[in-house]
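Take a look at the letters that make up each chain.
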Amino acid sequence: MIGPALLLAAAAAAQAADAPRPRFAQEIVVVAERGPSPRDATPAAVTTLTREDLARLPAATLAEVLDAVPGVFVLQAAPWSGPPMASARGFFGGGEAEYLQLRVDGLPVLDTESGLADWQRLGTAQLERVEVLRGPGSALYGDTALGGVVEVVTRHAAGAAGGALALAGGSFGTASAEAVWHGTAAGLEVGAAAAGLATDGARAHAAAE
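Residues numbered from 1 in each chain as written. Predicted model: local features only at pLDDT ≥ 70, side-chain atom pairs only at ≥ 80, totals over all residues. Heavy atoms only, no water.

Draft legend 1. Spatial organisation of the nonpolar core. Judged by nonpolar contacts, the single largest core of 24 residues is most densely connected at Leu-62, Trp-119, Val-130, Val-150 and Val-152. Mapped onto this core, the elements with two or more residues apiece are α3 (62-66), β4 (72-75), β5 (85-88), β6 (100-104), β8 (127-134) and β9 (148-154). Sorting elements by how many residues they give to this core places α3 first, with four residues. In this view, Val-152 contacts Leu-62, Leu-102, Arg-103, Val-104, Asp-105, Leu-122, Leu-127, Arg-129 and Val-130; residues no more than four positions away in its chain are not counted. Of all hydrophobic cores here, the second largest spans six residues; its members include Val-29, Leu-133, Tyr-141 and Ala-145. (Core = buried A, V, L, I, M, F, W, Y, C linked by side-chain atoms within 4.5 Å. Buried < 20%, exposed > 50% of the residue type's maximum accessible area, 1.4 Å probe, protein only. Helix = DSSP H or I, 4+ residues; strand = E, 2+ residues; numbered from the N terminus. Contact = heavy atoms within 4.5 Å.)

Draft legend 2. How the structure looks around the sheet that holds strand β11 (residues 174-185). Read across the open sheet, the three strands follow the order β10-β11-β12; overall the sheet is antiparallel. Every interior strand has two partners, whereas the edge strands, β10 (162-170) and β12 (188-198), have only one. Sheet twist, expressed as the mean angle between neighbouring strand axes with direction ignored, is 5°. Both β10 and β11 contribute to a ladder of nine bridges, which runs antiparallel. Its bridge partner being in β11, Ala-164 is matched across the sheet by Val-180. (Pairing = 2+ DSSP bridges. Axes fitted to C-alpha atoms, helices over the stretch in contact; angles between N-to-C directions.)

Rendered as C-alpha cells:
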C-alpha cells in the first residue's frame, strides 16, 4: 500500500517536472570587449548607469555623473570651478593628456591634438546609459584608454522617443538649462538638443557662458 505522504511527494515531483524552467535576465555591457558581453564574464571592473540611475543622481553634466562612480575622480566637476579633469585608478594627465577615453554612441570624442575630452559637454538630459570600464583598455582602444573607457549611449541613439528638460542652479551664480527631443516625422528619425550654461566662477576670470 502506498502511503499519503508518498503520493503527495510523487504529485509534487510530477508538478515540478511539468513546470517551465526559470529564466534569469542578464544585463549586457558593451565596453569591455568592443562588443556585447555579459557583465559577469567581463574581465574588468565595469559600472553601468541606466536612465533611472542617472535620474537619481544630483548631477547636471557627465562630469558630475563620473564623479559619483567608484574608482573615478573628477577634479573641478562642478561647472563653476573650471574645465573638469578626470582620472581613473590613479591615471591622471593633469589637463595635459587624457587617460580615460570618452566614447559617445560608439565613437571616440576627443580633441584631435591633445586627446582631451570635454566632460561637461554632455548634459544628463541627453544620456540614456553610461558604462564606465575602470582599468587599462589601451589594447582595445588606444593610448587614451590607459586608465579606462567611458561609453555613453545617448537617448537619440537608443531610440527613446519623447523629450526631456533639465534645469539646474548652484553656487557663484551658476545656472544651466537643457532640452532634448527625439521622435519621427514623415517616416524619418528626428532629434534636437539645446543647452546653455552661465556662471560667475569660483575665482577671478572664471566666468563663463
